[in-house]
Amino acid sequence: MTDHRPRKPSRPGGSRPPRPRRGPARPPAEDPARLAALETLRAVRDRDAYANLALPALLKQRRITGRDAALATELTYGACRAQGMLDEIIADCSARPLTEVDPKLLDALRLGAYQLLRTRIPSHAAVASTVDMVRSESGSKLAGFANAVLRRISERDEQQWVDRLAPDRAQDPVGHLAFRYAHPRWIAQAFADALGTTGAELESALAADDARPAVHLTARPGEISAEELAAITGGEEAPYSPYGVHLEAGAGDPGELEPVREGFAAVQDEGSQLVSLALTRAGLEGPDRRWLDLCAGPGGKAALLGALVTLDGGTLDAVEQAPHRAELVRRSTDGLAVDVHVGDGRDPGLEPGYDRVLVDAPCTGLGALRRRPEARWRRRPADVPELAKLQRELLMSAVRLTRPGGVVAYVVCSPHLSETDGVVSDVVRRAGVEQIDARPHFPDVPDLGDGPSVQLWPHKHGTDAMFCALLRV
Ligand SMILES: C[S@@+](CC[C@H](N)C(=O)[O-])C[C@H]1O[C@@H](n2cnc3c(N)ncnc32)[C@H](O)[C@@H]1O
């Protein structure tokens with residue numbers, strides 16, 4: 001946990017949380033970090049905003065930097081990630097059901113509860129700062145309610161709340177770990193199904209998924225080496241991808257790094273690099289010059305594949321259905337032998353006969369929950385079958401567009417079996433293609449299981465939970 005001690009605690013000294021003050025509303029002590037965090041939580045709830053887009057914009061607009069920006073980031077992302085667990089604890093401490101608590105007040109309670117349970121901010125400061133914000137906005141009555149709830153929460157630490165509220169681990173291991181690591185049960189169950197265990201490894205997977213990830217960069221082939229990029233950025237060469245660099249946590253906005261601004265490098269998870277490289281490494285007889293990326297936006301993998309195919313004298317066609325995302329692909333592949341097409345990958349109207357095709361299909365993103373703080377509470381189990389249908393259709397289309405002997409990589413950023421092996425086995429059967437062992441095309445990557453597909457994991461590989469299957473047409 002980060003040790004964010006506020007510079008000016010609203011109530012210095014004393015370990016008891018404050019009692020609500022009577023009298024007229026008064027403005028809170030200046031607290032730009034917490035106010036920015038609270039407003040972002042609201043935008044996430046009210047407008048379906050993405051915290052990792054809304055917060056940086058707000059920080060920039062208000063010129064919040066340094067320590068305050070770090071505190072706002074920790075509180076916002078942390079409260080978003082832990083939301084389900086926080087809500088159960090708040091509900092246990094509230095005289096009213098949460099459905100009857102004003103949503104704005106609930107945002108503030110989540111922010112306060114997060115500080116109490118998952119930071120080293122002193123309890124009195126966590127409570128006082130939250131109560132002050134509630135009082136300033138909603139008056140003394142609700143401030144009194146907030147104070148009472150937060151004081152009750154502060155009577156136990158996180159582990160004691162887990163002991164009190166989580167299902168018994170022996171009887172319901174998935175429910176227990178889902179509460180402990182603040183995941184919806186259905187997602188914890190999907191992880192358990194993919195890992196084949198409800199034991200220690202599921203715990204490691206959920207714990208790693210609950211932590212803030214490091215930023216990874218890709219050094220664009222032909223422009224800069226990973227060694228040079230690491231030297232310039234102060235990062236470290238990645239363990240598995242020859243183009244990868246890992247930045248230290250909290251290294252600032254990677255978009256501001258010169259090699260990223262200049263287009264020599266891009267922010268990209270090492271897992272995304274590895275699945276793209278697997279497609280390029282699979283053995284191929286005959287020509288190898290026409291490549292296709294069927295779901296290309298915003299263009300991370302298209303940029304890596306485009307750089308590699310350009311160096312080899314070939315071309316990449318990149319298809320993307322959403323015009324604004326196609327524009328992002330254009331920007332990320334500027335100067336490369338890449339043609340961007342706005343269209344539906346299920347029928348893009350392109351000449352078949354591609355040598356290598358990537359289907360990086362739209363998915364639940366359950367493999368990248370670390371990067372989207374609110375996503376785990378927004379996704380619904382009903383999203384899965386709808387996406388799996390689209391994934392099958394896109395993969396079938398990729399097979400049709402590939403020449404005999406060519407290779408298709410099917411990739412999703414999810415370990416959910418319905419989106420991974422379920423889709424692949426169905427298409428293999430219907431299209432009569434061969435699934436080849438993907439593991440040899442992830443050289444030096446340990447712990448890849450029984451194959452033939454590869455499932456990467458944060459707790460094993462330090463990457464997003466990317467899935468990759470290779471098909472020979
Ligand atoms: C997982 S993302 C691809 C990420 C991308 N490959 C990268 O590395 O930056 C899936 C993309 O597919 C696009 N998409 C959704 N349905 C599509 C369709 N029917 N045809 C083509 N693209 C589609 C989405 O708009 C989204 O940009």
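The residue count restarts for each chain, going from 1 along the sequence in the order it is written. In keeping with the model being predicted, local features are shown solely for residues with a pLDDT of at least 70 and side-chain atom pairs are shown and tallied solely at 80 or more, while totals for entire chains, interfaces and linings include all residues. The side-chain figures draw on all heavy atoms in the structure; neither hydrogens nor water molecules are used.

## With respect to the overall build of the protein
Consideration 1: A helix here means a DSSP run of H or I that spans at least four residues, while a strand means a run of E at least two residues long, and both kinds are numbered starting from the N terminus. Scanning the protein from terminus to terminus reveals 20 helices and 12 strands.
Consideration 2: Against the globule reference of 23 Å for 473 residues, the protein gives a C-alpha radius of gyration of 24 Å, in line with a compact fold.
Consideration 3: Each of the three principal axes of the protein carries a C-alpha extent, and together these read 80 × 50 × 35 Å.
Consideration 4: Burial classes follow relative accessibility: with a 1.4 Å probe on protein chains only, a residue under 20% of its type's maximum area counts as buried, one over 50% as exposed, and anything between as partly exposed. The buried share of the protein, reckoned over its 473 residues, is 53%.
Consideration 5: The contact definition used throughout considers only heavy atoms, calling two residues in contact when any of these lie within 4.5 Å. In the protein, the proportion of contacts linking residues at least 24 apart, taken out of those at least 6 apart, comes to 72%.
Consideration 6: Residue burial considers only the protein chains on display, and all accessible areas are found by Shrake-Rupley using a 1.4 Å probe. Here the protein displays about 20,500 Å² of accessible surface, and carbon together with sulfur accounts for 48% of that area.
Consideration 7: Across the protein, the 60 positively charged side chains and the 66 negatively charged ones have centroids separated by 9 Å. Just to be clear, the radius of gyration here is over C-alpha atoms, and the globule rule we use is 2.2 Å times residues to the power 0.38. Counted charges follow a simple rule, with Lys and Arg positive, Asp and Glu negative, and His plus the chain ends left uncounted. In this description, the location of a charge corresponds to atom NZ of lysine, CZ of arginine, CG of aspartate or CD of glutamate.

## Some words on the site of the ligand
Consideration 1: Around the ligand lies a shell of 19 residues, among which Gly300, Glu320, Arg325, Gly345 and Asp360 are the nearest.
Consideration 2: Here Pro298 contributes a backbone N or O atom positioned 3.5 Å from an oxygen atom of the ligand.
Consideration 3: Two N or O atoms count as a polar contact when they lie within 3.5 Å, although within protein this holds only if one can serve as hydrogen donor and the other as acceptor, and sequence-adjacent residues are included solely when both atoms are side-chain atoms. Take Lys301: an N or O atom from its main chain is 3.0 Å from an oxygen atom of the ligand.
Consideration 4: Protein coverage of the free-state accessible area of the ligand, which is 600 Å², stands at 86%. By convention in this text, a residue qualifies as near a molecule or strand provided that one of its non-hydrogen atoms is within 4 Å of it.

## Side note on the side chain of His216
Consideration 1: Mapped onto the fold, His216 is located in strand S1 (residues 216-219).
Consideration 2: There is a polar contact of 3.5 Å between the side chain of His216 and the side chain of His246.
Consideration 3: A polar atom in the side chain of His216 sits 2.8 Å from the backbone nitrogen of Glu270.
Consideration 4: Residues within four places of His216 in sequence aside, it is in contact with Val245, His246, Ala266, Val267, Gln268, Asp269, Glu270 and Gly462.

## A look at the pattern of salt bridges
Consideration 1: Think of a salt bridge as a Lys or Arg side-chain nitrogen and an Asp or Glu carboxyl oxygen that are within 4 Å of each other. Following the criterion strictly, the structure yields 34 salt bridges and no others.
Consideration 2: A salt bridge links Asp46 to Arg45; its shortest N-O distance comes to 3.0 Å.
Consideration 3: Assessed through its relative accessible area of 29%, Arg45 is described here as partly exposed.
Consideration 4: One salt bridge in this structure joins Asp269 and Arg371, with 2.8 Å as the shortest N-O distance.

## Overview of empty space enclosed by the protein
Consideration 1: Using protein atoms alone on a 1 Å grid, points that fit a 1.4 Å probe yet trap it form a cavity, whereas open point sets bounded by protein on both sides within 12 Å along at least five of seven lines form a pocket; residues with an atom within 4 Å of a point count as lining. Grid points are joined across faces, edges and corners, and a volume is the space filled by probe spheres set on the points. Evaluated as defined, the whole model comprises 1 cavity of 30 Å³ or more.
Consideration 2: Surrounding the largest cavity, Leu38, Arg42, Asp102, Lys104, Leu105, Ala108, Met133, Val134, Glu137, Ser138 and Leu142 form its lining.
Consideration 3: Elements supplying a minimum of two residues to the lining of the largest cavity: helix H1 (32-47), helix H5 (103-118) and helix H6 (123-138).

## Regarding the sheet that holds S1
Strand pairing in a sheet is mediated by backbone hydrogen bonds. Such pairs are either parallel or antiparallel.
Consideration 1: Strand order in the open sheet made by the 4 strands is S2-S3-S1-S4, with antiparallel pairing throughout. Of all the strands in the sheet, the pair left with one neighbour each is strand S2 (236-237) and strand S4 (265-267).
Consideration 2: Strand pairing follows a simple DSSP-based rule, namely that at least 2 bridges must link the two strands. In the sheet, S1 pairs with S4 via 3 bridges, with the strands oriented antiparallel. By the bridge assignment for S4, Thr218 is matched with Ala266.

## Details of the packing of H1 against H6
Consideration 1: Running from N to C, H1 and H6 cross one another at 65 degrees; their axes reach a closest spacing of 11 Å. Of the possible angle classes, the one that applies to H1 and H6 is roughly perpendicular. Viewed along their axes, H1 and H6 form a crossing whose handedness is right-handed. Side by side, H1 and H6 meet where Arg34, Leu35, Leu38 and Arg42 of the first sit next to Ser129, Met133 and Glu137 of the second.
Consideration 2: Each residue belonging to the contact of H1 with H6 can be placed in one class, and the counts come to 3 nonpolar, 1 polar and 3 charged. Angles shown run from 0 to 180 degrees and are taken between the N-to-C directions of axes, each axis being a line fitted to C-alpha atoms and, for helices, limited to the stretch in contact. Under this scheme an angle from 65 to 115 degrees is roughly perpendicular, one under 35 degrees roughly parallel, and one over 145 degrees roughly antiparallel; angles in between are oblique. Two helices that cross are described as forming a left-handed crossing if the nearer one is turned anticlockwise from the farther one by less than a right angle, and a right-handed crossing if clockwise. Gly is put with the polar residues, along with every residue not named as nonpolar or charged; the nonpolar set is Ala, Val, Leu, Ile, Met, Phe, Trp, Tyr, Cys and Pro, and the charged set is Asp, Glu, Lys and Arg.

## Quick notes on the nonpolar core
Consideration 1: As used in this record, nonpolar core signifies buried Ala, Val, Leu, Ile, Met, Phe, Trp, Tyr and Cys residues forming a set joined through side-chain atoms within 4.5 Å. Residues Val359, Tyr410 and Phe442 are the most contacted members of the largest nonpolar core, which totals 65 residues.
Consideration 2: Considering every element that reaches this core, the biggest residue donor is helix H18 (residues 383-401), with 7 residues.
Consideration 3: Non-local contacts of Phe442, meaning those with residues more than four positions away in its chain, are made with Leu274, Val275, Ala278, Leu448, Val454, Leu456 and Cys468.
Consideration 4: In this structure, Leu58, Ala79, Leu117 and Ala182 belong to the second largest nonpolar core, which totals 53 residues.

## A few points about helix H14 (residues 270-281)
Consideration 1: Expected helix span is given by 1.5 Å per residue-to-residue step, counting one fewer step than there are residues. Between its first and last C-alpha atoms H14 spans 16 Å; for 12 residues at 1.5 Å apiece the expected length is 16 Å, and the two agree.
Consideration 2: The element H14 is extensively covered by neighbouring structure, given that 11 of its 12 residues are classed as buried.
Consideration 3: Listed in full, the buried residues belonging to H14 are Glu270, Gly271, Ser272, Gln273, Leu274, Val275, Ser276, Leu277, Ala278, Leu279 and Thr280.
Consideration 4: Its side-chain oxygen at 2.8 Å from the backbone nitrogen of Gly271, Asp269 defines the N-terminal cap of H14.

## Section: the UniProt feature "binding site: S-adenosyl-L-methionine" (unreviewed entry) in the protein
Consideration 1: UniProt positions are given in the numbering used here, feature names are shortened, and annotations may be inferred rather than shown by experiment. Mapped onto this structure's residue numbering, the UniProt feature "binding site: S-adenosyl-L-methionine" (unreviewed entry) falls at Cys295, Ala296, Gly297, Pro298, Gly299, Gly300, Lys301, Glu320, Asp344 and Asp360.
Consideration 2: Taking the relative accessible area as the measure of exposure, Ala296 reaches 4% and is therefore buried.
Consideration 3: Excluding residues within four positions of it along the chain, Ala296 makes contact with Ala302, Ala318, Val319, Glu320 and Val329.
Consideration 4: In this structure, Gly299 sits in the loop between strand S5 (290-293) and helix H15 (300-311).
Consideration 5: We classify Gly299 as buried; its relative accessible area is 1%.
Consideration 6: When neighbours within four sequence positions are excluded, Gly299 is seen to be in contact with Val329 and Ser332.

## Concerning the packing of H5 against helix H7 (residues 140-153)
Consideration 1: At a minimum axis separation of 10 Å, H5 and H7 run at an interaxial angle of 30 degrees. By the angle between their axes, H5 is roughly parallel relative to H7. By crossing handedness, the relation of H5 to H7 is classed as right-handed. Contacts between H5 and H7 pair Leu105, Leu109, Gly112, Ala113, Leu116 and Leu117 from the former with Leu142, Phe145, Ala146, Val149, Leu150 and Ile153 from the latter.

## A look at the pairing of S1
Here is the key point about a regular strand: its side chains alternate between the two faces of the sheet.
Consideration 1: Judged by which residues are buried, S1 turns out to be covered on both faces: His216 and Thr218 on one side and Leu217 and Ala219 on the other are all buried.
Consideration 2: Judged from the 3 bridges that link them, S1 and strand S3 (residues 244-246) form a sheet pairing that is antiparallel. Bridge pairing links His216 to His246 in S3.

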